[in-house]
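Residue-level structure breakdown
Below are the chains, spelled out letter by letter.
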Amino acid sequence: MAIETTDDTATRWYGAEGDPVVVLAHDWNGRLPWIDAFGRRLADEGFRVAVPDFYAGRSTREDDEAGELLQERYADLEGALHILSETIGEARAGGSRRAGVVGFSMGSTIALMYAAQQPTLDAIVAYYGAPFPGIESGPRVPVLFQLAESDDWSGREAPEDYRARLEAEGYDDVHVRSYPDSIHGFQNADVSKYSRDASEAAWAETKQFLRSRLSREP
């Protein structure tokens, strides 16, 4: 299957302006339809949801092609961080006082790097993602890692190690959850890795975490 392309590259918005904003940062497959459904579901919970496109209109359901897109994106991480910054800035201009990111694999890495450079986020939910190599110290932002039953953290700091390191440094608002019978990518309903049981359990944790961190008064 070839990489799919579209001219629809604008950030998609769901929910009411002024509500706490949650940016959804997609995985290496690109902005496939499932993530918009996830965004609408979050908007129904009282969040202003943004779904930017980090691949300029390209997406794929095949791992080989997704890997190519991922490497291209990682070659320009500054561009990814700019997209995230512009999206959050637009939401804040519309009245959103608190901001979080829900990232999926690649999107988690981008979110954690952004938080390390711009400590303005109030929450990160990181689905099967880990910090990018070179982040020496974790950002002091609440993080919920949502993990498959097993994963490969070669070349990256495993979420449990990240949590332990920050806890040793005096920061204890990093949490790790894992879901049985699931693999990396379990939330993406448009690929074969999807697990309904794991995705629904993780959804409940995500919703609770975002409510507790983004509904607080600044």
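Residues numbered from 1 in each chain as written. Predicted model: local features only at pLDDT ≥ 70, side-chain atom pairs only at ≥ 80, totals over all residues. Heavy atoms only, no water.

1. Section: the side chain of serine 182
Mapped onto the elements of the fold, serine 182 is located in the loop between strand E9 (174-179) and helix H6 (196-214). Among the residues examined, serine 182 registers a relative accessible area of 3% and is labelled buried. At 3.2 Å, the side chain of serine 182 forms a polar contact with the backbone nitrogen of glutamate 149. Residues contacting serine 182, with those up to four places away along its chain left out, are Leu147, Ala148, Glu149, Ser150 and Ala198. (Helix = DSSP H or I, 4+ residues; strand = E, 2+ residues; numbered from the N terminus. Buried < 20%, exposed > 50% of the residue type's maximum accessible area, 1.4 Å probe, protein only. Polar contact = N/O pair within 3.5 Å; in protein donor to acceptor, adjacent residues only side chain to side chain. Contact = heavy atoms within 4.5 Å.)

2. Section: the environment of arginine 156
Of note, arginine 156 is situated in the loop between strand E8 (143-148) and helix H5 (159-168). It is 6.5 Å that separates the C-alpha atoms of arginine 156 and proline 131, two residues lying 25 residues apart in sequence. At a separation of 3.2 Å, a polar atom in the side chain of arginine 156 contacts the main-chain carbonyl oxygen of aspartate 152.

3. Describing H6
In this model, H6 (19 residues) spans 26 Å end to end at C-alpha, consistent with the 27 Å of a helix rising 1.5 Å per residue. Within the sequence span of H6, burial applies to Ala198, Ser199, Ala202, Trp203, Thr206, Phe209, Leu210, Arg213 and Leu214. Buried residues of H6 fall within an arc of 145° about the axis and therefore sit on the same side. Seen from the open side of H6, the exposed residues pointing more than 90 degrees away from its buried face are Asp197 and Gln208. Residues of H6 that are buried make contact with strand E3 (21-25), helix H1 (33-43), strand E6 (99-104), strand E7 (123-127), E8 and E9. (Expected span 1.5 Å × (residues − 1). Arc of directions from axis to C-beta.)

4. Focus: helix H4 (residues 106-117)
Its twelve residues place the ends of H4 17 Å apart at the C-alpha level, agreeing with the 16 Å of an ideal helix rising 1.5 Å per residue. For H4, the buried fraction is high: ten of the twelve residues fall into the buried class. For H4, the set of buried residues is Met106, Gly107, Ser108, Thr109, Ile110, Ala111, Leu112, Met113, Tyr114 and Ala115.

5. A word on the pairing of E3
The buried count for E3 comes to five of five residues, which makes it a mostly enclosed element. Burial of E3 is two-sided: the residues Val21, Val23 and Ala25 facing one way and the residues Val22 and Leu24 facing the other way are all buried. For E3 and strand E4 (residues 48-51), the ladder comprises three bridges, and the chain directions are parallel. Directly across from valine 23, in E4, lies its bridge partner alanine 50. Pairing between E3 and E6: five bridges, direction parallel. Paired with valine 22 across the two strands is glycine 100, which belongs to E6. (Pairing = 2+ DSSP bridges.)

6. Brief notes about the packing of aromatic side chains
Each aromatic ring pair is characterised by the separation of its centres together with the angle its planes make. Following the criterion strictly, the structure yields eleven aromatic pairs and no others. With 4.9 Å between their ring centres and 85° between their planes, tryptophan 34 and phenylalanine 104 make a pair best called edge-to-face. Here tryptophan 34 is found in helix H1, whereas its partner phenylalanine 104 is found in strand E6, with 70 residues between them in sequence. Residue phenylalanine 104 is classed as buried on the basis of its relative accessible area, which comes to 0%. Taken together, a centroid distance of 6.1 Å and an interplanar angle of 55° make the contact between tyrosine 127 and phenylalanine 186 tilted. (Phe/Tyr/Trp six-rings, centres within 6.5 Å; stacked < 30°, edge-to-face > 60°.)

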